[in-house]
There are 4 protein chains.
Amino acid sequence: MEFHDPGECPREACGVFGVFGVQDAAPLVYQGLFSLQHRGQEGAGIVTCDGRLLHTVKGMGLVSDVFAARPWSELSGHMGIGHVRYSTTGSARMQNVQPLVVECSDGPWAIAHNGNLTNARRLRRMYGAAGAIFQTGTDSEVLVHLLADPMYRSRPLRVARALNELQGAFSFLLMTRERLMAARDPLGFKPLSIGKLGSGYVFASETCALAQAGAEYLRDVQPGELVVVDKDGMTFSQFAASPAPRHAQCIFEHVYFSRPDSRVFGESVHSIRCQLGLRLAMECPACADIVIPVPDSGNASALGYSRGSGIPLDYGFIRNHYVGRTFIMPDANQRSDSADMKLAVVHDVVKGRRVVVVDDSIIRGTTARRRVAALKRAGAREVHLRIACPPVVHPCFFGIDFPTKAELVAGRRSIGEICRFLGADTLGYLSQDGLLSPFRFPGDYCAACFSGAYPVDVGTVQGKTELECGAAPEPVGAGGVP
Amino acid sequence: MEFHDPGECPREACGVFGVFGVQDAAPLVYQGLFSLQHRGQEGAGIVTCDGRLLHTVKGMGLVSDVFAARPWSELSGHMGIGHVRYSTTGSARMQNVQPLVVECSDGPWAIAHNGNLTNARRLRRMYGAAGAIFQTGTDSEVLVHLLADPMYRSRPLRVARALNELQGAFSFLLMTRERLMAARDPLGFKPLSIGKLGSGYVFASETCALAQAGAEYLRDVQPGELVVVDKDGMTFSQFAASPAPRHAQCIFEHVYFSRPDSRVFGESVHSIRCQLGLRLAMECPACADIVIPVPDSGNASALGYSRGSGIPLDYGFIRNHYVGRTFIMPDANQRSDSADMKLAVVHDVVKGRRVVVVDDSIIRGTTARRRVAALKRAGAREVHLRIACPPVVHPCFFGIDFPTKAELVAGRRSIGEICRFLGADTLGYLSQDGLLSPFRFPGDYCAACFSGAYPVDVGTVQGKTELECGAAPEPVGAGGVP
Amino acid sequence: MEFHDPGECPREACGVFGVFGVQDAAPLVYQGLFSLQHRGQEGAGIVTCDGRLLHTVKGMGLVSDVFAARPWSELSGHMGIGHVRYSTTGSARMQNVQPLVVECSDGPWAIAHNGNLTNARRLRRMYGAAGAIFQTGTDSEVLVHLLADPMYRSRPLRVARALNELQGAFSFLLMTRERLMAARDPLGFKPLSIGKLGSGYVFASETCALAQAGAEYLRDVQPGELVVVDKDGMTFSQFAASPAPRHAQCIFEHVYFSRPDSRVFGESVHSIRCQLGLRLAMECPACADIVIPVPDSGNASALGYSRGSGIPLDYGFIRNHYVGRTFIMPDANQRSDSADMKLAVVHDVVKGRRVVVVDDSIIRGTTARRRVAALKRAGAREVHLRIACPPVVHPCFFGIDFPTKAELVAGRRSIGEICRFLGADTLGYLSQDGLLSPFRFPGDYCAACFSGAYPVDVGTVQGKTELECGAAPEPVGAGGVP
Amino acid sequence: MEFHDPGECPREACGVFGVFGVQDAAPLVYQGLFSLQHRGQEGAGIVTCDGRLLHTVKGMGLVSDVFAARPWSELSGHMGIGHVRYSTTGSARMQNVQPLVVECSDGPWAIAHNGNLTNARRLRRMYGAAGAIFQTGTDSEVLVHLLADPMYRSRPLRVARALNELQGAFSFLLMTRERLMAARDPLGFKPLSIGKLGSGYVFASETCALAQAGAEYLRDVQPGELVVVDKDGMTFSQFAASPAPRHAQCIFEHVYFSRPDSRVFGESVHSIRCQLGLRLAMECPACADIVIPVPDSGNASALGYSRGSGIPLDYGFIRNHYVGRTFIMPDANQRSDSADMKLAVVHDVVKGRRVVVVDDSIIRGTTARRRVAALKRAGAREVHLRIACPPVVHPCFFGIDFPTKAELVAGRRSIGEICRFLGADTLGYLSQDGLLSPFRFPGDYCAACFSGAYPVDVGTVQGKTELECGAAPEPVGAGGVP
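Residues numbered from 1 in each chain as written. Chains lettered and ligands numbered in written order. Predicted model: local features only at pLDDT ≥ 70, side-chain atom pairs only at ≥ 80, totals over all residues. Heavy atoms only, no water.

Draft legend 1. Expanded view of the pattern of salt bridges. Evaluation of the coordinates by the stated rule reveals 67 salt bridges over all chains. Taking the shortest distance from any N to any O, the salt bridge between K376 of chain B and D425 of chain B comes out at 2.7 Å. Here K376 of chain B is found in helix 12 (residues 366-377), whereas its partner D425 of chain B is found in the loop between helix 13 (415-422) and strand 22 (426-429), with 49 residues between them in sequence. With a relative accessible area of 36%, D425 of chain B lands in the partly exposed category. Between D261 of chain D and R259 of chain D there is a salt bridge, and its shortest N-O distance comes to 2.9 Å. In this structure, a network of salt bridges that share partners links the residues R39, E206 and E253 of chain A. (Salt bridge = Lys/Arg side-chain N within 4 Å of Asp/Glu carboxyl O. Helix = DSSP H or I, 4+ residues; strand = E, 2+ residues; numbered from the N terminus. Buried < 20%, exposed > 50% of the residue type's maximum accessible area, 1.4 Å probe, protein only.)

The following block contains the structure:
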């Protein structure tokens, strides 16, 4: 999938990380965010607390850039939370970088949010009418107003009651001067895992960050659960007034977002992807000489495809590790672009061969089209494209900012038309059944972007207006009631 | 005075600038802030509005640094406001840099504030109890909550009513999508002037910024007045429920803060300072060969002293224009410091001479002491220090962050003791009568830092806790009620 | 191999790129250097010529950083050369960044050099005695003095005669106002290839850079050949007074340095590495469940090993693409380091399995040791380490800055001792015969770092004192004769 | 004079500073350069020596910027030299920043040069023909080639003999691993003073830098003198083969370049300037109400004028201290420019008055013209411009890069025409006799830029081709013989 390619980045999944009860929280949060960098490259922030003061460092860019020049001493404290934020196009929006830090009448709160609140607009309007002011354009800010609302003020039940007012997808980390809290929405859209580190506790969007921080994975925060850690230890409760009839875990976490070395929703991401490739080989066979992955997103599914098909794996693309955010395009008139700079074809591998190219997904198709063309230019005899998920055709209301239907390659095209558009000899997508086949509890996943079967009544979701990680549709200063 | 010397900067007066009805507001605001740079070097910000969106650029540091790398195209619009903020020691506080931009239910507001609200803490507590959340540590933020309060919501009377709730010193610029507003507290502590530029209007803390922007000075915003500019023109009103019995214009603006080429409170700053020097010559004569100023703060009063005394003026100190924020001290063990780097003694001028040194004021006295010692080292036969204001001995509750009484050189010393501390042969301060003598309406000034005669009952001011330009005594995250 | 791991970087191979006869040379040189970035990350430079002036931009850091803020208009011209330089530890040495630009009596010269001149010290001493002065600590500078020497001054034969004085390894690009020259030492240590781009010509250390620039690969510059391009076209000549009896192409280019998608010395790097892995499977079999590569250096050889052994390939390590130069270590006391941040173990892949880990080479062994330990921690039942080359035990005098014998893991240890040091269950190295087996002309390679059989009498090489890319053993200012 | 105004900077005088025999040389050199910053703002460098190695830090920009982020530990050693370099227009030329550091066969040399060598081009051609290569475009580099020339190699007589080959203006500081040397050309064009600091010695272009470093002024280096300091102390010698018949000290040092608190060529700069103003009052009286200086260049001469004329001094211009290198102009279409931003008119001072404006000199006249216009706009009734030197009409071959005759306001205009061009009511220049009148030894000065009477036969100076501080007329890469 071409999500990570410059110009094609969707708004991704964001990542959160928190730690309580260690000597120095900041370096651990840093390591955690570093391991979650793939979930968001636009901005990053860390807030720590020493029991008295909250300390904040935030900035635009990669984790390593934001914290490069700052001494850890600026971020003292035994607890802390951090956030990485997706890429957006358009102007920098420093004020939207999380964690959000505010001061209520009972002290400061820091909040890090992964997900999309579908009733944020309504709540925002309600509080605005009552005189509330807003500093960011993010949906996450409404939780703060709920928490500050005198109606809910009898901590910690207050937090549960406030969370209960929210609809949509959320994995939250909250920090006050005394405690760290973690919560996941009742349908469990977004992942959030708990780890143990010495006598302290760690929370992370993915288990790869627990491992990086040296923590032991305990379990996931359950859908609808609020976990509170303070000096007396950890306590658990269900905040949802009524249990959800089913879960709706985002299947795209397994398809694309999560790192292969993570366990997400209780499953190994790498293993799931291998199995998707294996199943793909059965559903969409090809008569070819070699199987090559689109690195790195297609690595595991290509391995599965090779195993399932018996066609040998080879490396037809080489990834240039130096293509980064600072890459400047040499010239608009040059024939190459940064996608071409990123992957180079190994001519000796593909020349004269019939090649199966395996990738995890296709969104717009423009990058896939360049890849196919590059293989043909390098002398590939046939190019058979195999995609380890079904076509993406429906919008997501819970945090993934897919392009519009007109921009989605599969939005208004048949498979045959897509194949011609991409210039491949054949094209095969995994079926919806195939996609769910590797999971032990397929009914607990949301695959609505493929199927259109949303886990909640989306008629009540007022347009795809409030996005992943809380980016409002307009900048601060543009909103306002009609 | 040694205010500007590194390590001795008080929190100064801040500066605000606004413009409405021009082609491109941003470059004009930039020029205006540049001319007000002496009022605050910690941070700067500009917010513009194109009638639809508010655009914000803020940063720590000097005006020229903050906007150095930003194209004006980021700040489009026909109106805009800007703010320069004083120096503080301690960690950078990006979130406190103004203008403050928030979104209320009826749209975005931008606010720039010069002054100190003496009832901010009470209002903050009240709104916090009602569920309000705060993003900054500044007192200025309470105005936003007043404006957003449904109680006051029927613009523009709403603004007048909200301003009427405030106590203390304030010159405000407010901007919405449709209009620019300027207001000055009923006692008129801080300056704020109105200018005309083509068919548009300009507001600035000092008239030097009007001149720089090419605008014509019309008049000052009156104490207690609210001026509103929108596409239909300018309207004026008094927002104060009852008129103030007297005014309380800050005399320190004339003593030190304002630029000599400004007219402040209707008087030429340069002329006032010359007259203070002249009066000082009469009150505190000296038997000496030359009069030298401490550049540049003592230039005008030294000129006046020379004229009044008949003792010839000369330049005994040379100012190094390259001492700036980036100056790094060579070594703690070296005998010199940045104050020594900043002013150099002209040996040939002072050697063997009896020297009268004139400065505008003394705060801590440590720099003055170094200056006297440097003159003696250079061979001055006698050093007679003359100060163009009385000793500063009382705290300011309205925006100037003087050191504590223990740190003020005159806090607990007699004139004789100060003279010995400074190492001068004689020392003379201007009297309080002398200080007020050049003004046409001396009763309209606050000189409480010299006299202790505060213009309002300071028993009601709860400690010197909320400071100039709204810096709360603690960072966000540290506050909260007990 | 752990070359690229922070703290273990050898001084690598450097990369050169040149172009003649295009509209705008600079963007093409930039693209070329970008594709050669893996050959050197310390610094980069581009010099272009518009026929009248030479234009230079050089800097420390990655190609994308050095040229990020510079407009191409600073580098105008239809021809240009560029250079990427290896990492060194210690203080930045801006003056050593190439291309070197000097002015001789007949005009300016720009020089980019890959290799190590073994008689540079002698020539430097000779010219120094005659009054020459030196600006850099690089061996490359002696070529300039030869070129400027009146003895050799009758261009272009002059260049051939000057090159003929040099001993050791060199691939040079030279540029004057009229022409671009490329030369390769008579033994052909370092690669240098020629491409055609429209009506112009391109030279690059590796063919991957030709492909990136859109050029067609023509052939390699031959050992001992001087190629000159000017407005009249390309001319070829042999500069070596006598032909070399054999060639001595650096086998480490195939083992590690070159990018898999390059053809180097006429062979596909990827194919050679696959074959090394295949041979390794035959020479050093293992009884195991899966084969995993150390990404990305071991990818191709692991593929070969899997094919040769029949043991299935899997991905046990995930590479974090965000580990870069700006990575800051969280804390010295933390248990992890940047090598751990870079590769993460996929627990579900290795847990309970017998794992064959394949890498291209081992230098110090410290990183390999961490990898083995990480696999064991993740639950690998057995770890069988297989290395696709023989042990590195001898110094290189021709451009690779291996650590000292004491630091080389194989320097003073038997295979069994190395295996115990690394903590692996078994360890297998490829034999020297095996290493040469995939090549069509094995006699044309230098494998002295493995065998000690140097292609020239190294008794005449005066210590390993002048290094790859010309870094002198001491900084400028420290050298000089005894 | 408008030299320092953006866009009107000439290539100025450069400054050198050196120290031997102190604990840590670098911070002292830093302080010294800081005090000499007015002599050059383009770039700065420091080279120190610990007896074994030379350590170098150089960069473009102000002294405080270049060394802001560098720890002194990078510049260890008990001796060191530094250099500040003038502004040039055009692209940055990092390689021309001094001190120049090279390695000769007998070790490293560092060189800092103030002046212009009139035979550099001939020497450069001679050495180039013999095979020498050049790294910079500066004339200073020829001294290195002379020093390295085997003909002169028997230190320290070698240095004297090499210096004896040079023609033109030079004050040199040279450093090897063992010693520090200072030399001044036989005509003594440029200043160079010696100071004592504890048991060590200090050299500086101006005595203000000695004072800043805490050193005691001993005497000037004599014209034609070579001073050598090493661990055995200081030794003196005359290097000139024959003594100069007269000296030719640059009178522009007193007119403009030097800081008022320096003693230059044995005279107090401030006193000389006061006397020039006094004389100007006698030569060019005016019927006016006030005398105002153009700050800061006209401060001293305005004081003198006021004293001589009896017309009271006042401050009609206020200097904005924040106009610096990073100042960005708001907009090309705006009516103001940075010269207007730099000086603001004090309306209350000049309105309705007849004003005498005194400045030290006029070069192009464009800034003076803006100043006159600004005064008129502010309501000045009459503006009488008085210049404390004669019209500049002749080129300088010894280090000052005046504009061409066509650009000089006095180049092709009569006094009346200049006055009309500037828009002043009257204009008066000091006479040549008046200019020399304050000096005790007027015959020892070069005033050729005013008089055209050059101290040497300038027919032998081959065009004004090699400039102050050694900037060659063309960049490296452009030169070369036809």
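Draft legend 2. Expanded view of the packing of helix 8 (residues 269-283) of chain C against helix 9 (residues 299-309) of chain C. Residue and element names in this part refer to chain C. Where helix 8 meets helix 9, the closest approach of the two axes is 6 Å, and the angle between their N-to-C directions is 45°. Of the possible angle classes, the one that applies to helix 8 and helix 9 is oblique. The two elements helix 8 and helix 9 meet at a crossing, and its hand is right-handed. Across from H270, R273, C274, G277, L278, L280 and A281 in helix 8, the residues of helix 9 making contact are A300, S301, L303, G304, Y305, R307, G308 and S309. (Axes fitted to C-alpha atoms, helices over the stretch in contact; angles between N-to-C directions. Parallel < 35°, antiparallel > 145°, perpendicular 65-115°, else oblique. Left-handed = near helix turned anticlockwise from the far one by under 90°. Contact = heavy atoms within 4.5 Å.)

Draft legend 3. Looking closely at the interface of chain A and chain B. The partner chain B presents 35 residues to the 35 residues of chain A that form the contact. Connecting chain A to chain B are two salt bridges. E103 of chain A serves as the salt-bridge partner of R124 of chain B, at 3.4 Å between the closest nitrogen and oxygen. For the side of chain A that touches chain B, the secondary-structure elements that each account for two or more residues are strand 5 (100-104), strand 6 (107-117), helix 3 (120-129) and helix 4 (141-148) of chain A. It is strand 5 of chain A that contributes the most residues to the side of chain A that touches chain B, five residues altogether.

Draft legend 4. Quick look at the relation of the copies chain A and chain B. For the pair chain A and chain B, the superposition axis carries a translation of 0.1 Å, the fit reaches an RMSD of 0.1 Å, and the rotation angle comes to 180°. Taken together, the rotation and translation relating the two chain copies correspond to the operation of a two-fold axis. Residue A132 of chain A, judged by its C-alpha, is the member of chain A lying nearest the rotation axis, at 3.1 Å. Looking at chain A, 100% of its interface residues are interface residues in chain B too, so the copies touch through the same face. (Least-squares fit on C-alpha atoms with pLDDT ≥ 70 in both.)

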